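# Residue-level structure breakdown
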Amino acid sequence: MTMSVRTLTPAPPTGAALHLTGVSLGHPTTAPVLDGLDLTVNAGEILTVVGPSGCGKSTLLRTLAGLLPPLRGAVQQDGAPVTGPHADRALVFQDDALLPWRTVRANVELPLAIRKTPRADRRRTATDWLERVGLADHAHKHPHQLSGGQRQRVQLARALAAAPRAVLMDEPFGALDAQTRAEMQDLLVTVLAGTGATVVFVTHDVDEALHLGDRVALIATGELIDVPHPRSRTADRSALRRHVLDLASQTRRDGTSAPVREAPGHRGQATR
Ligand SMILES: Nc1ncnc2c1ncn2[C@@H]1O[C@H](COP(=O)(O)OP(=O)(O)O)[C@@H](O)[C@H]1O
Ligand SMILES: [Mg+2]
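Residues numbered from 1 in each chain as written. Chains lettered and ligands numbered in written order. Predicted model: local features only at pLDDT ≥ 70, side-chain atom pairs only at ≥ 80, totals over all residues. Heavy atoms only, no water.

## Notes on the overall build of the protein chain
If you tally the helices and strands in the protein chain, you get seven helices and ten strands. The buried share of the protein chain, reckoned over its 272 residues, is 47%. Sequence separation of 24 or more characterises 67% of the internal contacts of the protein chain that already satisfy a separation of 6 or more. Of the accessible surface of the protein chain, which amounts to about 13400 Å², a share of 54% is contributed by carbon and sulfur atoms. (Helix = DSSP H or I, 4+ residues; strand = E, 2+ residues; numbered from the N terminus. Buried < 20%, exposed > 50% of the residue type's maximum accessible area, 1.4 Å probe, protein only. Contact = heavy atoms within 4.5 Å. Areas by Shrake-Rupley, 256 points an atom, 1.4 Å probe, with all protein chains shown as cover.)

Below, the structure is given as structure tokens:
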């Protein structure tokens, strides 16, 4: 008699939107970039992921997106396995991925067109989102006629117009000047309100991570930190900021790194 062996994936905790269990991730031909990763992103929260260049932030995001299969372990969205790219997960990158030959409006309508949303609904939704990001008057333009900040607004409108359950953002404001970047951070929080979307926002900027995140994941040390809100530019986050920067410099000194790992039932607690 033969016995079949099934690998059971632990059920994600209630309220989890994205869930990684025992995940090793990286590129097939190299050693894992992150190993033994357990991470829960709660529904509707903004989780920021911060860490130095090369620590694996983009690799993590690509794995969450379903663009890169994990080397080991399970990736789930709303309890279902992530097996490839899906409209439930929108992606926003630093380099704008707008189609240069399409107008702003046609770019925003694209994911809806792919979903075969009727034309009138597509137009209405695109108009609505272009208004929300402050680009109603630029709908007929082409991407090259816009500033970098405006192009990122179009990307944001395109990502949210398709009503994804999760938005995965890879240093989306990294190429913008400080003033535009601050404006985009505030716009992001404003336009997300009411969508219920879960956000994973990757950045190497500690201040951006603390301003935007409900929680901040430090890839290098494996810490998850709750950020007290309301979000305000005058809020004093100096103690948290010092804590995060200390951890980052410690990590650099001893040269070690650990996966992000959340102890069950201990939100925000350090794990090493
Ligand atoms: N396509 C690839 N093939 C092999 N290794 C890669 C590939 N892309 C990135 N890497 C390596 O994976 C590690 C993590 O990279 P990445 O996730 O891009 O870091 P980050 O986004 O934090 O800067 C780096 O050592 C990088 O060199
Ligand atoms: Mg990167």
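## A closer look at the layout of surface pockets
Approximately 400 Å³ is the volume attributed to the largest pocket. Lining the largest pocket are 17 residues, with Arg 89, Ala 90, Leu 91, Pro 111 and Arg 158 positioned closest to its centre. For the lining of the largest pocket, the elements supplying multiple residues, two or more each, are β6 (89-93), α2 (104-114) and α4 (148-161). Per-element accounting of the lining of the largest pocket gives the leading share, four residues, to β6. (1 Å grid on protein atoms, 1.4 Å probe; cavity = no way out; pocket = protein on both sides within 12 Å on 5 of 7 lines; lining within 4 Å. Points joined across faces, edges and corners; volume = space filled by probe spheres on them.)

## So, the packing of aromatic side chains
In this description, an aromatic ring pair is defined by two values, namely the gap between the centres and the angle between the planes. Taken as a whole and assessed by the stated rule, the structure comprises one aromatic pair. Both rings, one in Phe 173 and one in Phe 201, keep their centres 5.7 Å apart while their planes meet at 55 degrees; by these two values the pair is tilted. Of this pair, Phe 173 sits in the loop between β7 (166-170) and α5 (178-192) while Phe 201 is found in strand β8 (residues 198-203), placing the two residues 28 residues apart along the sequence. In this pair, the class of Phe 173 matches that of Phe 201, namely buried. (Phe/Tyr/Trp six-rings, centres within 6.5 Å; stacked < 30°, edge-to-face > 60°.)

## Observations concerning the site of ligand 1
Neighbouring ligand 1 are the residues His 27, Val 33, Pro 52, Ser 53, Gly 54, Cys 55, Gly 56, Lys 57, Ser 58 and Thr 59. Between an oxygen atom of ligand 1 and a main-chain N or O atom of Cys 55, the distance comes to 3.3 Å. The contact in question runs from an oxygen atom of ligand 1 to an N or O atom on the side chain of Thr 59, over 2.5 Å. With the chains in place, 55% of the 560 Å² that ligand 1 exposes on its own is no longer accessible. Within the shell around ligand 1, the residues separate by chemical class into three nonpolar, six polar and one charged. (Near = heavy atom within 4 Å. Polar contact = N/O pair within 3.5 Å; in protein donor to acceptor, adjacent residues only side chain to side chain. Nonpolar A, V, L, I, M, F, W, Y, C, P; charged D, E, K, R; others polar.)

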